[in-house]
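Each chain is listed here by its residues.
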Amino acid sequence: MSNVSQKLTLLNQMHKSSPSLNTQRTLDLIRDDLTSNIMADTEGTCWDSQNPHLFTVMGASGDLAKKKIYPTLWWLYRDGLLPPNTTFFGYARTKMTVNELRERCDPHMKVKNEEKERYELFWKINYYVAGSYTERRDFELLNKELSNFDNLSRANRLFYLALPPSVFDTVTVHIRNTCMANKGWTRVIVEKPFGKDSASSKVLSDHLSSLFAEDQLYRIDHYLGKEMVQNLMTIRFGNQLFNPTWNRQNIASIMITFKEPFGTQGRGGYFDEFGIIRDVMQNHLLQILSLVAMEKPASVHPDDIRNEKVKVLKCIQPITLNDVVLGQYIGNPEGEGDEKFGYLDDKTVPEGSNTPTFAMAVMRINNERWDGVNFILKCGKALNERKAEVRIQYHDVAGDIFGGKTKRNELVIRVQPGEALYIKMMTKTPGITFDMEETELDLTYQHRYQGVVLPDAYERLILDVFCGSQMHFVRSDELSEAWRIFTPLLHTIEREKIEPIKYVYGSRGPIEADNKSDAANFKFYGSYKWHKSHF
Ligand SMILES: NC(=O)C1=CN([C@@H]2O[C@H](COP(=O)(O)OP(=O)(O)OC[C@H]3O[C@@H](n4cnc5c(N)ncnc54)[C@H](OP(=O)(O)O)[C@@H]3O)[C@@H](O)[C@H]2O)C=CC1
Ligand SMILES: O=C1O[C@H](COP(=O)(O)O)[C@@H](O)[C@H](O)[C@H]1O
């Protein structure tokens, strides 16, 4: 496996502590050393140090570009993690200069005082081309600009499609016809939505595969770039403690949760077309599920891992309306600011929309490892907190001798905020008594890895594209299995105009969801208390 991510973390730590280093030169030497180490990776997953790299952001004038892509490129550049001789190009319809592009991005770039000089250098290697998404001629002009930086025709070219799906088709055709690398490689990074159901996703997949080979396509699910999601493989397959008990004999149910404490924030028009199931459950949560549930891959080669992910998805039957609870938030009259407004109060949402902003689905995996274990996927907007986690709940202790006082063990992998892994367990209450209580074995990253700066998901993923590692990207067959599981449900919801249950902004969602998880063999005791004081 490429250890680029570890090196990225290390460099970030160094970056953080750079004020204590004597001179900029020392920092540069460390960077050079790290860079040569990265280049020395021999597993074929690291970047090409010999040739230029031309990185083009398609849709450079947009929201994603300014909030995520340019900041990520800057951080990677700042930390010296990109190949030398990398140049950035923005492409969009808006006519603007690089300076105007910079002004749009500035508020999101998080530049520290001591980084200002380097920040200037970053913008010096940025270029911008204005052009349509439909005219071949405009792409020929883009290609001409790219070619100015590619004298020997050996540059590698990367295209990030930060674009609405409506222009995907024409843009990819024009890239294929006019902008491909000559002797170097071309890689195309694709953002969701990857269609709206099985049929539309197949059309898009067929379209992309008619233009590019699978190893040129990088479908981003940014949850695959998160520290604790990447850690799932290590937790599972690097620990004798967990691996042998990771099965139906020991585990009662598994809950995978995503919660956000804010609503659609004026993005309701976009959101309404998709709903929470497409926005979060069918991609982020299902990706996590497949990493939690898959069999051990033959190796850490990206295709071995993705083969296992596909295999486990194939064991899941399409979910039905009976398996889900759907919700939609309403305003909280006692709340503050946005909380007062419900989903339907958003002017960009069509009147009377039934689109769910909350969903829980109980899924089952029909294989020898998981038969009878419920996987509960839960996600929602405008809830009581921000949280993403995996909760593995073990069976009740058999033949209990403690008068029914034991509570189920839980292994909790908290993805965000505050990465942590903790095991909830029973212990004898310390002291003279022979009573028992719930406690935890706690690996809180902030405590155990003090000072370690974890890179943003996009940093890891964009670096992976430079390195040619597809381990954390979605393969087309994974995608088609994901749509197979969700499409019938999505069609039923839309065809039958299923009304979601209303829940109040800032609550935990509909009470029906708790009843459903209870019925799905997930026990909530409400008795566990975490004592934070030792930090
Ligand atoms: N290292 C660390 O940082 C650690 C942090 N902690 C913190 O301690 C707190 C408590 O720990 P936690 O593991 O959550 O323990 P709990 O058993 O108290 O809660 C488990 C989860 O159950 C859900 N829940 C709440 N009410 C109900 C209900 N009525 N029916 C069904 N489910 C319900 C909640 O999730 P939801 O609302 O999403 O359904 C809750 O997060 C948490 O904030 C946790 O983050 C604990 C240990 C270590
Ligand atoms: O893909 C999406 O994810 C974000 C949440 O991402 P996070 O990294 O902040 O957890 C979500 O807000 C958005 O609706 C969805 O499209």
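The text that follows walks through the structure, step by step, so that each part is easy to find. Residue indices follow the written sequence of each chain, beginning from 1 at its first position. As they are written, the chains are lettered A onward and the ligands numbered 1 onward, keeping that order. Where totals are concerned, whole chains, interfaces and linings use all residues; where local detail is concerned, this predicted model gives features only for residues with pLDDT of at least 70, and gives and counts side-chain atom pairs only at 80 or more. Working from all heavy atoms in the structure, the side-chain values ignore hydrogens and water.

### Digging into the site of ligand 1
Close contacts around ligand 1 come from 16 residues, with K378, R414, D442, T444 and R508 the closest. One nitrogen or oxygen atom from the side chain of K259 is found 2.7 Å from an oxygen atom belonging to ligand 1. Between an oxygen atom of ligand 1 and a side-chain N or O atom of K424, the distance comes to 2.7 Å. Compared with its free state, where it exposes 890 Å², ligand 1 has 78% of that area covered by protein. Of all elements in the fold, only β7 (251–259), β11 (387–394), β13 (420–428) and β14 (436–444) reach the threshold of two or more residues within the shell around ligand 1. Amino acids outside the nonpolar list (Ala, Val, Leu, Ile, Met, Phe, Trp, Tyr, Cys, Pro) and the charged list (Asp, Glu, Lys, Arg) are all regarded as polar, and Gly is one of them. Taken together, the residues of the shell around ligand 1 sort by class into five nonpolar, two polar and nine charged. When we say a residue is near a molecule or strand, we mean one of its heavy atoms is within 4 Å of it. N or O atoms closer than or at 3.5 Å make up a polar contact, with two conditions inside protein: a donor-capable atom paired with an acceptor-capable one, and, for residues adjacent in sequence, both atoms drawn from side chains. Areas reported as accessible are Shrake-Rupley estimates using a 1.4 Å probe. Residue values count occlusion only from the protein chains shown. Secondary structure elements are taken from DSSP: a helix is a run of H or I of four residues or more, a strand is a run of E of two residues or more, and numbering for both begins at the N terminus.

### What to know about the site of ligand 2
If you check the shell around ligand 2, you find K192, H222, Y223, K226, F258, E260, R267, D279, H284, K381 and Q416 and nothing else. Within the contact set of ligand 2, an oxygen atom lies 2.8 Å away from a side-chain nitrogen or oxygen of K192. A distance of 2.7 Å is found between an oxygen atom of ligand 2 and a side-chain nitrogen or oxygen belonging to H284. Here ligand 2, which alone exposes 390 Å², has 79% of that area covered by the protein. In the shell around ligand 2, the residues fall into two nonpolar, three polar and six charged. As annotated, the domain borders come from an automatic or database domain assignment. Per-domain counts for the shell around ligand 2 show at least three residues from each of domain 1 (18–223) and domain 2 (230–455 + 475–520).

### Side note on the nonpolar core
We define a nonpolar core as any set of buried Ala, Val, Leu, Ile, Met, Phe, Trp, Tyr and Cys residues linked to one another through side-chain atoms lying within 4.5 Å. Only protein chains enter the accessibility calculation, which uses a 1.4 Å probe; a residue whose area is less than 20% of its type maximum is buried, one above 50% is exposed, and one in between is partly exposed. By size, the foremost hydrophobic cluster in this structure holds 145 residues, and its most contacted members are F55, M363 and F375. Looking at which element gives the most residues to this core, the answer is helix α10 (residues 268–293), with 12 residues. Shared between two domains, this core takes at least three residues from each, and those domains are domain 1 (18–223) and domain 2 (230–455 + 475–520). The contact criterion used throughout is that any non-hydrogen atoms of two residues lie within 4.5 Å. Discounting chain neighbours no more than four positions away, the residues touching F55 are I69, L73, T87, F88, F89, L158, Y160, I189, I462 and F466.

### A look at the pattern of salt bridges
A pairing counts as a salt bridge when a side-chain nitrogen of Lys or Arg comes within 4 Å of a carboxyl oxygen of Asp or Glu. Tallying each qualifying case throughout the model produces 38 salt bridges. For D206, the salt bridge identified is with K202, shortest N-O distance 2.7 Å. In this pair, D206 and K202 are both assigned in helix α8 (residues 198–211), four residues apart and thus about one turn of the helix distant. Note on D206: relative accessible area 39%, which makes it partly exposed.

### Observations concerning the environment of L54
Tracing the sequence through the fold places L54 in strand β1 (residues 53–58). Note on L54: relative accessible area 0%, which makes it buried. As a C-alpha pair, L54 and F89 span 35 residues in sequence and 7.3 Å in three-dimensional space. With near-sequence residues (within four places) excluded, L54 lies in contact with T87, F89, L146, F149, D150, A155, N156, R157 and L158.

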